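If you want the building blocks of each chain, they are given just below.
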Amino acid sequence: MVDRIRCSRGVRPVATLAALSLMLSSVVFSRSASAACAIPATAHDESASGDLPDQPLALDPGLGESRVKGSISAGDQFDSASFTIEPGEQLDAVILAQYVGAGSIAVRFFTGTDVAAPPPAFLGTTGLGPAQIGADSLELVGIGPLGPGLYSISIVDNPVGAAQQYALALHIGTVYDETVDGDLPSKPTPPLALQFGCGSNHVLGSVTANVDNFDNFSFTIEPDTELGSVILAEYAGTGSNAVRFFTGTDTGADPPAFLGETDMSAARIGADYLELIGIGPLGPDVYSMSIVNTFSPAQQYHFVLSVPEPGPVGAALGVAFGLGAASRVRRARRGASAASAPAAVPPSVSAPGCGANAPRR
Ligand SMILES: [Ca+2]
Ligand SMILES: [Ca+2]
């Protein structure tokens, strides 16, 4: 059994998911939450599922962390895999989680796959060895995060002949970006219910006095999970504002309970708002956030709401994605809107898959 929160792909209004529920049946909506965010999914493990081929094998990583584990040697010079980042998602990081062996390997990134038309476009490469354990290959190459599209990676023996074992941890987060997905509602329109996943959930928008005074959204933290942090990753603007947290939503039978508030400023980029307000971590429940600007010119924000996964890599990423986010986000926005950059992507609306072993529909 895999958990519902991990398997919900992309930040989408709950109404949209509800409309899909008949198609997806109980696979998505009746999963046990007991393993929620508990074990990183395995996208592919060569010891269990066979050698990754020279030409990319299509994998199905889920939201949050999914691992690709394998080995290369003199007789197995290339391990190649492809995967799709769905609309409403981005590949936040590709962390070298494990490395054993002499020498180093190289990981190469492409858009598309070798078996698709048009042929793949080379994005970049970086060498990986013991010194890069814990490092993000996307950051080393200078290409992350990667928005929706079809991508391939190829792990290459370097130098040829050495034997190495590796594990790469792919981290896929959800994204709600007002420039792509539309303005978040102001009162009296109810908060937009966003569907979060394990790992990082990005919300990007802007508020402007007398034009767009409120950006309101809600989200559900599922049983056995928690909201670990809410990091202001980016901010641009001047003047007053407020970021407010509630339990519940304005649309519920019970009015929301105010949890606390504080404001955004350039000095708070990288700060955890749950810590600033003193309310985190937040356990299973329905919550709302309201970003308010009723007096000042336009203010742009990017929050990263993290539902943590176990282990040092997962725990560190909530902070890392926030602190290193300024350049990441600008690239993410391009990736999200530049649908023509990667090869043609099927307009998949939702994927309940939880790693490579679960069906996507
Ligand atoms: Ca191999
Ligand atoms: Ca807005």
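In case you missed it, the structure is sitting above this.
Notes on the structure in this doc start here. Because the structure is predicted, anything quoted here is derived from the model rather than measured.

Some points on the pairing of strand S1 (residues 41-45)
- For S1, the buried fraction is high: four of the five residues fall into the buried class.
- Sheet analysis places S1 next to strand S3 (residues 64-72), joined by four bridges and oriented parallel. In the sheet register, Ala 41 faces S3, and the bridge partner there is Ser 66.

Brief notes about the sheet that holds strand S2 (residues 57-58)
- Read from one edge of the open sheet, five strands run S2-S4-S8-S6-S7, paired in mixed fashion. The open sheet has two free edges, formed respectively by S2 and strand S7 (121-128), since each of these has just one partner strand.
- As judged from the two bridges shared by S2 and strand S4 (residues 78-85), these two strands associate in the parallel manner. When the sheet's bridge partners are listed, Leu 57 is paired in S4 with Ala 81.

Structural notes on the nonpolar core
- Ranked by size, the top nonpolar core spans 73 residues in total, and within it Leu 168, Leu 170, Leu 232 and Phe 303 carry the most contacts.
- Counting residues per element, this core draws most heavily on strand S9 (residues 164-177), which supplies seven residues.
- Each of domain 1 (41-173) and domain 2 (175-337) accounts for three or more of the residues forming this core.
- Discounting chain neighbours no more than four positions away, the residues touching Phe 303 are Val 203, Val 230, Ile 231, Leu 232 and Ala 233.

Section: the pairing of strand S14 (residues 242-247)
- Sheet topology places S14 next to strand S16 (residues 285-292); six bridges connect them, and they run antiparallel. Counterpart to Val 243 in the pairing with S16 is Ile 291.
- The pairing of S14 with strand S15 (residues 257-262) spans five bridges and is antiparallel. Counterpart to Arg 244 in the pairing with S15 is Glu 261.

Cut-off values and rules
Residues numbered from 1 in each chain as written. Chains lettered and ligands numbered in written order. Predicted model: local features only at pLDDT ≥ 70, side-chain atom pairs only at ≥ 80, totals over all residues. Buried ≥ 20, exposed ≤ 12 C-beta atoms within 10 Å, placed from the backbone. Helix = DSSP H or I, 4+ residues; strand = E, 2+ residues; numbered from the N terminus. Pairing = 2+ DSSP bridges. Core = buried A, V, L, I, M, F, W, Y, C linked by C-beta atoms within 7 Å. Domains from an automatic or database assignment. Contact = placed C-beta atoms within 7 Å.

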